[in-house]
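Examination of the molecular architecture
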Amino acid sequence: MAIEYLRSDFFADTEAEIAIFRRDRGVACLPHFHDFYEIVFILGGRGIHVVNGVASRFNVGDILVIKPGEVHYYRDVHDFSLACVVIAPNSVAKTSTLFQDGSRSQLHLKKQVFLDACDLLHSIEICAGAKAVQFGFELVELLGKESFKHSSRAEPFTSISEFAEARVRPALQILERD
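What comes next concerns the included structure. None of these values were measured; they are calculated from a predicted model. Counting starts from 1 at the beginning of each chain's written sequence and moves along it residue by residue. Selection of residues for local features in this predicted model requires a pLDDT of at least 70, selection of side-chain atom pairs for listing and counting requires 80 or more, and totals for whole chains, interfaces and linings are taken over all residues. Side-chain metrics in this entry use all non-hydrogen atoms of the structure; hydrogen atoms and water are not considered.

**Here we look at the packing of aromatic side chains**
The aromatic pairing rule takes the rings of Phe, Tyr and Trp, using the six-membered ring of Trp, and pairs them if the centres are within 6.5 Å, calling planes under 30 degrees apart stacked, those over 60 edge-to-face and the rest tilted. With the rule as written, the count across this model stands at 5 aromatic pairs. Between Phe41 and Phe114, the aromatic rings sit 6.0 Å apart at their centres with planes inclined by 50°, giving tilted as the arrangement. Of this pair, Phe41 sits in strand 4 (residues 37-51) while Phe114 sits in helix 2 (residues 111-126), and the two are 73 residues apart along the sequence. Considering the side-chain rings of Phe58 and Phe80, the 5.1 Å spacing of their centres and the 45° angle between planes classify their relative orientation as tilted. Helix and strand definitions follow DSSP, with helices as H or I runs of at least four residues and strands as E runs of at least two, each counted in order from the N terminus.

Below, the structure written as structure tokens:
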């Protein structure tokens with residue numbers, strides 16, 4: 001039996017189109033579904049994600065895409081941390097190729113594309129209102145372009161420390177120049 005989550009469980013403002021929540025050192029969760037779209041950034045660890053009975057392994061640097069009504073859960077997780085972008089079901093983002101039939105539910109992105117997506121995630125977190133929604137649409141479009149590409153990432157992140165270093169390196173280079 002799957003648990004149903006509603007938009008109001010995740011959106012403090014029921015009129016909002018986009019919200020973000022993070023979970024560090026996550027644990028496996030019970031099967032559930034919801035009435036909104038969800039984009040999950042795997043920021044640490046590894047495990048198995050099951051969507052509508054189909055299991056797939058995930059690692060740091062992967063992105064999971066869940067559509068309304070899809071029953072999903074995580075199992076066999078290790079050092080698991082994530083950031084979730086939840087998008088209202090009435091959002092125009094639902095028209096993106098990211099959420100269309102035939103798009104993949106798990107994206108193995110090239111490192112730079114994942115870092116670009118993380119930058120948009122951060123922009124959504126620090127902005128509010130229309131600006132956050134704009135960054136949300138940019139994120140959905142970026143991932144939508146990737147969702148129909150070949151699924152193997154040429155150079156996957158090997159660890160959370162490699163991912164963290166890749167996120168910090170550009171900032172350090174700017175500081176060194178100044």
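Alright, that's what it looks like, and here's the rest.
**Regarding unusual backbone geometry**
Look at Asn52: it is not a glycine, yet its phi comes out positive at around 50°. On the secondary structure map, Asn52 appears in the loop between strand 4 and strand 5 (54-59). Despite not being glycine, Asp79 shows a phi value in the positive range, around 50°. With respect to the secondary-structure elements, Asp79 resides in strand 7 (residues 72-87). We classify Asp79 as exposed; its relative accessible area is 63%. Exposed residues in this analysis have more than 50% of their type's maximum accessible area, buried residues have under 20%, and partly exposed residues fall in between, with area computed by a 1.4 Å probe over protein chains only.

**Remarks on the packing of helix 2 against helix 3 (residues 129-146)**
Between N-to-C directions, angles span 0 to 180 degrees; the directions come from axes that are lines fitted to C-alpha atoms, helices contributing only their stretch in contact. Their axes nearest at 8 Å, the elements helix 2 and helix 3 cross at an angle of 160°. Judged by the angle between their axes, helix 2 and helix 3 are roughly antiparallel. Where helix 2 crosses over helix 3, the two elements pack in a sense that is left-handed. Of the residues in helix 3, those in contact with Val113, Asp116, Ala117, Leu120, Ser123 and Ile124 of helix 2 are Ala132, Phe135, Gly136, Glu138, Leu139, Leu142, Leu143 and Glu146. An angle below 35 degrees is read as roughly parallel, one above 145 as roughly antiparallel, one from 65 to 115 as roughly perpendicular, and any other as oblique. With the far helix as reference, a near helix turned anticlockwise by less than a right angle produces a left-handed crossing, and one turned clockwise produces a right-handed crossing. When checking whether two residues touch, look at their non-hydrogen atoms; a contact exists if any pair is within 4.5 Å.

**With respect to helix 3**
Owing to its 3.6 residues per turn, the α-helix aligns residues three or four sequence positions apart on the same side. One less than the number of residues in a helix, times 1.5 Å, gives the span that helix is expected to have. Taking 1.5 Å of rise per residue, 18 residues should cover 26 Å, and helix 3 covers 26 Å from first to last C-alpha, within 8% of that figure. Turning to helix 3, its buried residues number three or more, namely Ala132, Val133, Phe135, Gly136, Leu139, Val140, Leu143, Gly144 and Glu146.

**Quick notes on empty space enclosed by the protein**
A cavity, in this analysis, means grid points on a 1 Å lattice covering only the protein atoms where a 1.4 Å probe fits yet has no way out; a pocket is instead an open set bounded by protein on both sides within 12 Å along at least five of seven lines, and a residue lines either one if it has an atom within 4 Å of a point. Grid points are joined across faces, edges and corners, and a volume is the space filled by probe spheres set on the points. Evaluation of the coordinates by the stated rule reveals 1 cavity of 30 Å³ or more. The computed volume of the largest cavity comes to approximately 40 Å³. Contributing to the lining of the largest cavity are Glu17, Ile18, Ile87, Ser91, Ala93, Val133, Gly136 and Phe137. In terms of residue count, helix 3 provides more of the lining of the largest cavity than any other element does, 3 residues in total. Residues are sorted three ways: Asp, Glu, Lys and Arg are charged, Ala, Val, Leu, Ile, Met, Phe, Trp, Tyr, Cys and Pro are nonpolar, and all the rest, Gly among them, are polar. Residue composition of the lining of the largest cavity, grouped by class: 5 nonpolar, 2 polar and 1 charged.

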